[in-house]
Amino acid sequence: MVPDIFDQDFTPTPYWWEAYRPTAGELVDVPRSVRVAIVGGGYAGLSAALELAKRDVDAVVLEANELGFGASTRNGGAVSGGVNVGKSFTGRTTDIDPVRVTAMLADASDAFALIDRLIEEEGIACCWEKPGRFVGAWTKKHFDAQTHRLAVLNAAAQGAAYMVPRERQREEIASDYYFGGMVVDRSGKLHPALYYRGLLEACRRRGVAVCAKATVTALSPSGAGWRVESGRGTVTAGDVVIATNGYTGWVTPALRRRVVPLASHIIATKELPEGLARSLVPKGRTLSDTKRVLCYYRMSPDGRRMVFGGRARFTQVNATVSAPILYRYMTDRFPQLRGVKVTHAWTGNVAFTLDALPQMGLRDGLHYCLGCNGSGVAMMTYLGWQTARKIARVANYACSFDTEDFPEHPLYSGNPWFLPIVGGYYRLRDNLDRLLT
Ligand SMILES: Cc1cc2nc3c(=O)[nH]c(=O)nc-3n(C[C@H](O)[C@H](O)[C@H](O)COP(=O)(O)OP(=O)(O)OC[C@H]3O[C@@H](n4cnc5c(N)ncnc54)[C@H](O)[C@@H]3O)c2cc1C
C-alpha cells in the first residue's frame, strides 16, 4: 500500500518549475547555415552557445523538447568544486594517475569559479549562495577514507575541506545518522531552473538562436562541415557539439555506447513550521553522503522546505514508487519529519561514463561534452564553455577532461537493461557495510 505522504496539492513535477517551467515559447526558426550547431539545450549547450556568441562565433542550439526539459531544471542545485570527481555510480572512486587527479581537481575548481563569475556577470538571479557542503560518512571506514582524501582535495581543488567528528555532527545537521563527515567549504547552492532561465536569457540577449522542439534526427558530413537534420529543418554547420548528457540517443550511437543514463529522483516537502525548518541544517549547507547509492538534500531557497533527492531507483519510475522510498530515506535521517506531507516528486536523467569522469573531446568529427556522473551544474556549464573556447581557438590550456580516451565496454551496447539489478545489488552492499561497521 502507498503510504499517505502526499499533500492534497501534490504534483509529480519539479518544485523548481513553480519559478520557471520549461517552455517552447515562440518557436525560433532553425537557420539554414551557422558556424556551430549545438545539439541539446541544457546548461552545457547554452553555456557553449553563450561563450561562442561572446567570441563572435554564430551558433544555433537545437533542443528536442521544451527549453529546460532535461536535468538542468530538475537537479538538486548543489554546486561543487570537485568533491565528486571520479566517483562512479557504484560508489567507488576511480583509481586515476595522481598527476591527472591534480589537473582534474584544478579544472573542477575552475568550474566552480566559472559558475560564480557567470552568475555575477550575467546578473542571474538564482538564489546563489556559498554556504558549503557536508558529506556524511555512512560508516566508520568511510570517515577514515574521507580523512585520507582531504589533503588531495585541499591541495588541488582549494576545497577548504575539513573533517567533522561524530560528536560535533549536530553543528551541521539535526541528526545522529552519520559517523561524522567532511565539510567542503568551497561549495554552493542555487535554484537550478532560475539559473537555467538566466543562461537562456543571456544567450537570447546576444542573439543566439535557441530552437525548442527541434529534435536532431540525422548528422552527416557535408563538405568541410556537417548537415544537421532536425524535426524543424536542416542546418549546415562547420562544427557540431553534442551536449545531450543523460538523454543521449541513437543519433550519435558511438556516444550512446559510452554513457549510461541513470535516473535520479527528488521530493520536496510542504512548508515546514519555521522553527523546525531552521533547525534541520543549521548552517544552510547542502548535504550528501558516502553511500554507494547516495542521497543528497538541502533546504529550499526560502529555507522552508526540505528538498530531498537520491537514487531511489536507477531507472525512471512513477512518483508513487520513488517518493515513498525517498520519504523513508529522509525520515531515517530526520525522524522529526515523520508525518510531513510531500508536495512535489520528480525524476530526471544523469549520464555516467565508464571511468566515472566527465568527458569532452572530438569523436568522428563531432565535439561532445558529456558525462556529468551525477554532478553537473558547475561541470557541464564548464565543459560547454571549454568546448566553445576550443572551437573559437581561444583556449590557452588543454582542459584535463579533453582526452582521446572515452572508454566503452564490449558488453555495453547503449541499452542499460542491467540498471535495476545493479541498483539492487549496491543497495544491498550499502546495507551490509552499515551492519558490519
Ligand atoms: C534529479 C537530479 C538531481 C541532480 N542534482 C544535482 C545537483 O544537486 N548538483 C549537480 O551538480 N548536478 C546535479 N544533477 C546533474 C545535473 O542536473 C546535470 O549534470 C546537468 O543538468 C546536465 O546538463 P546538460 O546540459 O549536460 O544536460 P541536460 O540538461 O540533461 O540537457 C540535455 C538535453 O539534450 C536534449 N536532447 C537529447 N537528444 C537530443 C536530440 N537528438 N536533439 C536535440 N536535443 C536533444 C534533451 O532533450 C535535453 O534537454 C542532477 C540531475 C538530476 C536528474
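Here is what the cut-offs are and how they apply
- Residues numbered from 1 in each chain as written.
- Predicted model: local features only at pLDDT ≥ 70, side-chain atom pairs only at ≥ 80, totals over all residues.
- Heavy atoms only, no water.
- Helix = DSSP H or I, 4+ residues; strand = E, 2+ residues; numbered from the N terminus.
- Rg over C-alpha atoms; globule rule 2.2 N^0.38 Å.
- Contact = heavy atoms within 4.5 Å.
- Areas by Shrake-Rupley, 256 points an atom, 1.4 Å probe, with all protein chains shown as cover.
- Lys, Arg positive; Asp, Glu negative; His and termini not counted.
- Charge placed at Lys NZ, Arg CZ, Asp CG, Glu CD.
- Buried < 20%, exposed > 50% of the residue type's maximum accessible area, 1.4 Å probe, protein only.
- Axes fitted to C-alpha atoms, helices over the stretch in contact; angles between N-to-C directions.
- Parallel < 35°, antiparallel > 145°, perpendicular 65-115°, else oblique.
- Nonpolar A, V, L, I, M, F, W, Y, C, P; charged D, E, K, R; others polar.
- Near = heavy atom within 4 Å.
- Polar contact = N/O pair within 3.5 Å; in protein donor to acceptor, adjacent residues only side chain to side chain.
- Pairing = 2+ DSSP bridges.
- Expected span 1.5 Å × (residues − 1).
- Arc of directions from axis to C-beta.
- Core = buried A, V, L, I, M, F, W, Y, C linked by side-chain atoms within 4.5 Å.
- Left-handed = near helix turned anticlockwise from the far one by under 90°.
- Salt bridge = Lys/Arg side-chain N within 4 Å of Asp/Glu carboxyl O.

**A look at the overall build of the chain**
Scanning the chain from terminus to terminus reveals nine helices and 19 strands. Rg of the C-alpha trace for the chain: 21 Å, near the compact-globule value of 22 Å for 437 residues, within the 12% margin. Restricting to contacts in the chain with at least 6 residues of sequence separation, those with at least 24 account for 76%. With the model as given, the accessible surface of the chain reaches about 17500 Å², and the carbon-plus-sulfur share is 53%. Positive and negative charge centroids in the chain, built from 52 and 42 side chains respectively, lie 3 Å apart.

**Thoughts on the side chain of Gln-146**
Mapped onto the secondary structure, Gln-146 falls in helix H3 (residues 140-157). Overall, Gln-146 belongs to the buried group, its relative accessible area being 7%. Discounting chain neighbours no more than four positions away, the residues touching Gln-146 are Val-135, Ala-137, Met-163, Gly-181, Met-182 and Thr-290.

**Overview of the packing of helix H2 (residues 98-121) against helix H8 (residues 377-391)**
Two numbers describe how H2 lies on H8: the axes approach to 8 Å, and their chain directions differ by 90 degrees. Judged on the interaxial angle alone, H8 and H2 are roughly perpendicular. Across the interface between the two elements, Asp-107, Ala-108, Asp-110, Ala-111, Phe-112, Leu-114, Ile-115, Arg-117 and Leu-118 of H2 pack against Val-377, Ala-378, Met-379, Thr-381, Tyr-382, Trp-385 and Gln-386 of H8. Tallied by class, residues from the contact of H2 with H8 come to 11 nonpolar, two polar and three charged.

**Concerning the site of the ligand**
Taken together, 37 residues form the shell around the ligand, and within it Glu-63, Ser-72, Ala-78, Gly-376 and Val-377 come nearest. One nitrogen or oxygen atom from the main chain of Ala-44 is found 3.0 Å from an oxygen atom belonging to the ligand. Ala-71 places a main-chain nitrogen or oxygen 3.0 Å from an oxygen atom of the ligand. If the ligand stood free it would expose 1000 Å²; the protein chains cover 96% of that surface. Looking at the shell around the ligand element by element, the count peaks at three residues for strand S17 (residues 342-353).

**Comments concerning the environment of Gly-225**
Looking at the element boundaries, Gly-225 is found in strand S11 (residues 225-230). Considering only alpha carbons, one finds Gly-225 and Ala-237, 12 residues apart in sequence, at a separation of 5.7 Å. Apart from the residues within four sequence positions on either side, Gly-225 is in contact with Ser-220, Ala-237 and Gly-238.

**Concerning the sheet that holds S17**
Sheet architecture is open: nine strands sit in the order S1-S17-S13-S16-S15-S14-S5-S7-S6, paired in mixed fashion. In this open sheet, the two edge strands, each paired with only one partner strand, are strand S1 (6-11) and strand S6 (161-164). Strand-to-strand twist across the sheet, computed as the mean angle between neighbouring axes with direction ignored, equals 25 degrees. Across four bridges, the pairing between strand S5 (residues 133-136) and strand S14 (residues 286-289) is parallel. Across the sheet, residue Phe-134 finds its bridge partner in S14, namely Leu-287.

**Points about helix H9 (residues 419-436)**
For H9, with 18 residues, the first-to-last C-alpha span of 26 Å sits near the 26 Å given by 1.5 Å per residue. Burial in H9 covers these residues: Leu-419, Val-422, Gly-423, Tyr-426, Arg-427 and Asp-430. All buried residues of H9 project into a common sector of 135 degrees when viewed along the axis, lining one side. Turned more than 90 degrees off the buried face of H9, the exposed positions are Ile-421, Leu-435 and Leu-436. At its buried positions, H9 is contacted by strand S13 (259-269) and helix H7 (319-333).

**Considerations on the environment of Pro-335**
Considering the arrangement of structural elements, one finds Pro-335 in the loop between H7 and S17. Along the backbone, Pro-335 and Phe-314 are 21 residues apart, and their C-alpha atoms lie at a distance of 25 Å.

**Re helix H4 (residues 192-205)**
For H4, with 14 residues, the first-to-last C-alpha span of 20 Å sits near the 20 Å given by 1.5 Å per residue. Counting buried positions along H4 gives 10 out of 14 residues, so the element sits mostly inside the fold. Along H4, the positions that sit buried rather than exposed are Pro-192, Ala-193, Leu-194, Tyr-195, Tyr-196, Gly-198, Leu-199, Leu-200, Ala-202 and Cys-203. Summarising the contacts, the buried residues of H4 are in contact with helix H1 (43-54), H2, strand S9 (209-211) and H8. Phi turns positive, to about 80 degrees, at Gly-207, one or two residues after H4.

**Focus on the nonpolar core**
Membership of the largest hydrophobic core comes to 76 residues, with the highest contact counts inside it found for Ile-38, Leu-52, Ile-115, Leu-190, Tyr-195 and Leu-383. Here the element with the most residues in this core is H8; it accounts for nine residues. Sequence-distant contacts of Ile-38, defined by excluding residues within four places in its chain, comprise Gly-45, Ala-48, Ala-49, Leu-52, Ala-59, Val-60, Val-61, Leu-62, Val-241 and Ala-243.

**Structural notes on the packing of H1 against H8**
Here H1 crosses H8 at 35 degrees, and the two axes come no closer than 7 Å. Every pair of crossing elements has a handedness; the one defined by H1 and H8 is right-handed. Seen from H1, the contacting residues are Tyr-43, Ala-44, Ser-47, Ala-48, Glu-51 and Leu-52; seen from H8, they are Val-377, Met-380, Thr-381, Gly-384, Trp-385, Ala-388, Arg-389 and Ile-391. Split by residue class, the contact of H1 with H8 holds nine nonpolar, three polar and two charged.

**Comments concerning the pattern of salt bridges**
As enumerated under the stated definition, the model contains 27 salt bridges in all. Notably, a salt bridge pairs Asp-116 with Lys-130, separated by 3.0 Å at the nearest N-O pair. Taken together, the residues span a long stretch of sequence, with Asp-116 in helix H2 and Lys-130 in the loop between H2 and S5 at a distance of 14 residues. Three or more residues joined by partner-sharing salt bridges are found here, namely Lys-54, Glu-121, Glu-122, Arg-205 and Arg-206.

In short, the description is geometric, and any link to function would need to be established separately.
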